[in-house]
Each structure stands twice: as structure tokens, then as C-alpha cells.
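Now for the letters of each chain:
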Amino acid sequence: MKWFVGLSVLLLCIPICLCAQISWAKYTIDPSFDFADAVFAIDVDGDTDMDILSSSYNLDQVTWYENDGDESFTKRIIDTDCDGAYSVFAIDVDDDTDIDVLAVAHNLNSVLWYENDGSENFTEHVIDNAFTGAVSVLALDVDGDTDIDVVASAYYINTIAWYENDGSENFTQHIIVNNFQVPWGIYAIDLDSDTDIDVLGASYYGDEIAWWKNDGDENFTKQTIVSNYGAARSVYAVDVDGDTDIDVLGTAFADSTISWFENIDNIIFNEHVIDGALNGALDVFATDFDGDNDIDVVGTEYFDNNVLWWENDGDENFTKYVVDNAFNGANDVLAIDVDGDGDIDVVSSAQSANEVAWWASDLAGIEGGETETAEGLQYGSVLFSGSLHLPEGKRCKVFNVTGREVNKNYLAPGVYFIEIDGKVMQKIIKIK
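Here we take up the overall build of the protein. The helix and strand inventory of the protein stands at zero helices and 37 strands. If you sum the accessible surface of the protein, you get close to 15,800 Å²; carbon and sulfur atoms cover 43% of it.

Written as C-alpha cells, this is what we have:
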């Protein structure tokens, strides 16, 4: 069932059952995507269902998988010459209301974006072709001028950079750091709540997770979150403990560890180990899986071929559950409602299995739920178009799928989460 709201009233549905005992049903999206690495989820074609994107290092492909509305996915190739494709991201880069795609070509030292003509025909544009060993990319408005900038990392030159969009998609490189050893994982968010965008990085050879504070004029100053964190691989940020500041999550591949780092004062981050016995802790993502209004965690264990999630009991004590224990070379992971039933599903890639897959949660979701306005909201999911109208007299925040707070007046089509008076709402989807 799909729920729709107009431009003036926001209706959401309350799940009829919330529980931690989730069962997962696996569905393969692509069984032969050689050395599948990155995954991303967004409504690419504007038909209100969730599509999936991925990149294949060995096939040099960037693809999106079109969801027909019943979670039957058709592969659509964006690029077959992205040599060493190693990251994928999607957002409306050029502000024309459709979803564009970004990727890196690791072996071509290139950062790329693909312009969507509105009918999902994509034209390649080079942002940088001298970014040696490009490995990760994301996009958001770094400098607050309402256009979309790009952040990327380069494996061989130990560099994280951002590319300033002049509003016409001409990009100028600005170096954030050039001595951060193998900055594999990157993330960007307003970490210190001063209304500008900061940048985080995981240093694989430097065994470090750090963030760079933006002074408001895009001058970035490094702050270390954790050192001696063996082969730091991934980094993510969200308010884990519900105290209204942004905490950090990370994986230490060699140390077999996934942790969250409690933000004390934007300078001190206290490490809390979620799991210290993972055989190749690779990726991490966080959201509320079980609808109990706290943040749970999902991650991948590369060598033991596991996709796992950890339930938060509300006091940041985490219990491990298995999503899949036979996903060979489990790599990138995210969590989002793929099938539109109101609960959170999992999407992942497997390098050794050459596979892209998703796992449906059997949590009750929105079927049979009652509707009410946002003023009385507990939890739910909606579709909307046009402007987003939130209740007056409430403290409202809107977050995108990466956990970054965004301006509700500048929402491109896609998936968002809302927070009203400190309570995180599950999901809203802008369809146009």
C-alpha cells in the first residue's frame, strides 16, 4: 500500500507492530556483477519506488537497477568504461529536478558525474581526471550557496578534496587534506552543529578516523576522533544516543572492530565498541531498524561473509543479529525501505560473490496502520510532492539518507527522515 499526501497536510502511518525479532528474506538484484563494491538507493526515475545503484570494479560499470514497483529490478547501465569503478552516489546535481549520478574511476584517477536528461539517459561529465587513485565520492552543498558540491578521496595521494560548483556545474577543486594516509571512507555532515558542513575521513594506513571542522568559509581544520584504530575503513555519523549532537561510527578492518564514538563536546569523542570480534570489519551504517525510536547499526564482516545488525536497547547496549551469513565478501551496506511497506530493509554488495542483493524485513510496516497528522505522529512513512509542510510550533528537522540535516525548502526528489520535537520519524519520500 502506498500513502500519498498533498501539499498542505502531512499524513503518516503508525506501524501496528514494533519488535526487535526481525526475519530477513534475501532477494538478489544482480548475481553476476563482477567485484561489486558500492551500493546506493534512491528513486532514480521519479516513479515513487526505490531504485538501487552499484558499481563494479572489474566490469568498469556504473549501473542502476530499475524497480518496477514490485521489487523486480531491471539493470540499466550508465557507464561501461568507468575503469575501476569504485564508488557511486546519486543526487540532483544540476537542479533540474531529476536524479544525477556520481562515481569514481579508480584506474583513470577520475571523479565523474552523469547528467540525467529526465528520461534516465546519462551523459558523462569529468569533474577531475588527475585525482590519483580516486576511491570515494559523495555530493552535497558544502558552501551553503544552494548548489551541489562534491567531496572525494584519493587513495594514492592521501587526499580528501571538495569541488565547488559555480552553479553551472563547473567544479573547482579545494584540498581539505593531502597527508591523510589512504582516506578510504569519507562522510560529510554538520558535525558540530554550527550550520556549516564538516568532513570526516577514515585513514586505512594511518589507523585513524578524523574530522575537518569548517569555519564557515570552507577553511578546514583537522580534529582526530580516534587513533591506533587498525586499518580504519569506513566512517558514518548520526545522533546515536539521542542527545541532539552528532556522534560518529567507524570500522577498523584489521582490529576486527566496529565502534561508535560519543560526541562529548565536538573535541572529545569517547569510543564505545559495538563489536570487537569481526573478521574484517568493513562497512557501517545506522538507522532505526525496529521502530523503537533509537538508532541501530548495520555492518559487513568481509572475511566471514556476514551482513549483521546490532539492536540498540535504548541505552546504547547493542545485541548482534545476523541478516545473512553467506554473502561472500560482504562489502558496502545501507539500510532503507526498499519495498515501501514502512519498515527498514538492507541493501549490500558482495565482492567475492559478485552480487548485489537486498533483504526484506518482516517487521509489520505500515499495512493496516491508522493515519494521523504530524502533530500526533509516532512513526511512519509517506509520499509527498511539492513543498513539505511541517506542523507549526514544533521543533522540526529534516535529514537526508546520509544523515545530514537539510533545508526543507530545497528538497530534491528522494528519501528523507524527519524529526519533530526531538523524535525521529521513520521516512518521507519526495516524488517530484
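Having seen the model, we can carry on.
A few words on the environment of Asp-292. With respect to the element layout, Asp-292 can be found in the loop between β24 (281-287) and β25 (296-301). Each C-alpha atom, one on Asp-292 and one on Gly-314, is 8.1 Å from the other, the two residues being 22 residues apart in sequence.

For the rest of this paragraph, the subject is unusual backbone geometry. The backbone phi angle of Phe-35 is positive, close to 55°, even though this residue is not glycine. You will see that Glu-169, though not glycine, has its phi angle at about 65°, which is positive. Within the element layout of this structure, Glu-169 appears in the loop between β14 (159-165) and β15 (171-177).

Note on placement: Val-333 falls in strand β28 (residues 330-336). Separated by 24 residues in the primary sequence, Val-333 and Ala-357 place their C-alpha atoms 9.9 Å from one another. Ignoring any residue separated from it by four or fewer positions in sequence, one finds Val-333 in contact with Val-39, Asp-283, Val-284, Phe-285, Val-298, Gly-299, Thr-300, Val-307, Val-346, Val-347 and Ser-348.

Another point: the nonpolar core. Counting 70 residues, the largest nonpolar core has Leu-200, Ile-209 and Leu-249 as the members making the most contacts within it. Those residues within four positions of Ile-209 in sequence are excluded, and the remaining contacts are Gly-201, Ala-202, Thr-224, Ile-225, Val-226, Tyr-229, Ala-232, Ser-234, Val-235, Val-248, Gly-250 and Phe-261. With 64 residues, the next largest nonpolar core counts Ile-91, Leu-140, Ile-186 and Phe-220 among its residues.

The description of an aromatic ring pair uses the distance of the two centres, along with the angle that the planes make with each other. For the structure on display, the rule yields 24 aromatic pairs. Grouping aromatic residues by their ring pairs yields a cluster made of Phe-35, Tyr-57, Tyr-86, Tyr-155, Tyr-156, Trp-184, Tyr-204, Tyr-205, Phe-253, Tyr-302 and Phe-303. Over the aromatic face of Trp-184 sits the side chain of Arg-233, whose NZ or CZ is 4.1 Å from the ring centroid.

Strand order in the open sheet formed by four strands is β8-β9-β10-β11, and the pairing between neighbours is antiparallel. Edge strands, defined here as strands with exactly one partner in the open sheet, are β8 (85-91) and β11 (122-128). Across the sheet, the axes of successive neighbouring strands diverge by a mean angle of 25°, strand direction being ignored. Judged from the five bridges that link them, strand β9 (residues 100-105) and strand β10 (residues 110-116) form a sheet pairing that is antiparallel. Bridge assignment links Ala-105 to a residue of β10, and that residue is Ser-110.

Burial analysis of strand β30 (residues 355-361) places seven of its seven residues in the buried class, the great majority of the element. The side-chain alternation of β30 yields two buried faces, one formed by Glu-355, Ala-357, Trp-359 and Ser-361 and the other by Val-356, Trp-358 and Ala-360. In this sheet, β30 lies alongside strand β29 (residues 345-350) in antiparallel orientation, the contact comprising five bridges. Bridge assignment links Val-347 to a residue of β30, and that residue is Trp-358. Hairpin connection between β29 and β30: a loop of four residues separates the two successive antiparallel strands, and Asn-354 in this loop has a positive phi of roughly 55°.

Time to look at the sheet that holds strand β3 (residues 24-30). The strand order β3-β30-β29-β28 describes an open sheet built from four strands, whose pairing is antiparallel. Looking along the sheet, the strands with just one partner apiece sit at the ends: β3 and β28. Within the sheet, the average angular offset between the axes of one strand and its neighbour, ignoring direction, is 20°. Where β28 lies against β29, five bridges are found, and the strand directions are antiparallel. The residue of β29 that forms the bridge with Ile-336 is Asp-345.

Secondary-structure assignment places Glu-164 in strand β14. Taking the relative accessible area as the measure of exposure, Glu-164 reaches 28% and is therefore partly exposed. Each residue touching Glu-164, except ones within four places of it in the same chain, is listed here: Asp-143, Asp-149, Asn-170, Phe-171, Thr-172 and His-174. At 2.8 Å, the side chain of Glu-164 forms a polar contact with the side chain of His-174.

Scoring rules and cut-offs
- Residues numbered from 1 in each chain as written.
- Predicted model: local features only at pLDDT ≥ 70, side-chain atom pairs only at ≥ 80, totals over all residues.
- Heavy atoms only, no water.
- Helix = DSSP H or I, 4+ residues; strand = E, 2+ residues; numbered from the N terminus.
- Areas by Shrake-Rupley, 256 points an atom, 1.4 Å probe, with all protein chains shown as cover.
- Contact = heavy atoms within 4.5 Å.
- Core = buried A, V, L, I, M, F, W, Y, C linked by side-chain atoms within 4.5 Å.
- Buried < 20%, exposed > 50% of the residue type's maximum accessible area, 1.4 Å probe, protein only.
- Phe/Tyr/Trp six-rings, centres within 6.5 Å; stacked < 30°, edge-to-face > 60°.
- Lys NZ or Arg CZ within 6 Å of the ring centre and 35° of its normal.
- Pairing = 2+ DSSP bridges.
- Axes fitted to C-alpha atoms, helices over the stretch in contact; angles between N-to-C directions.
- Polar contact = N/O pair within 3.5 Å; in protein donor to acceptor, adjacent residues only side chain to side chain.

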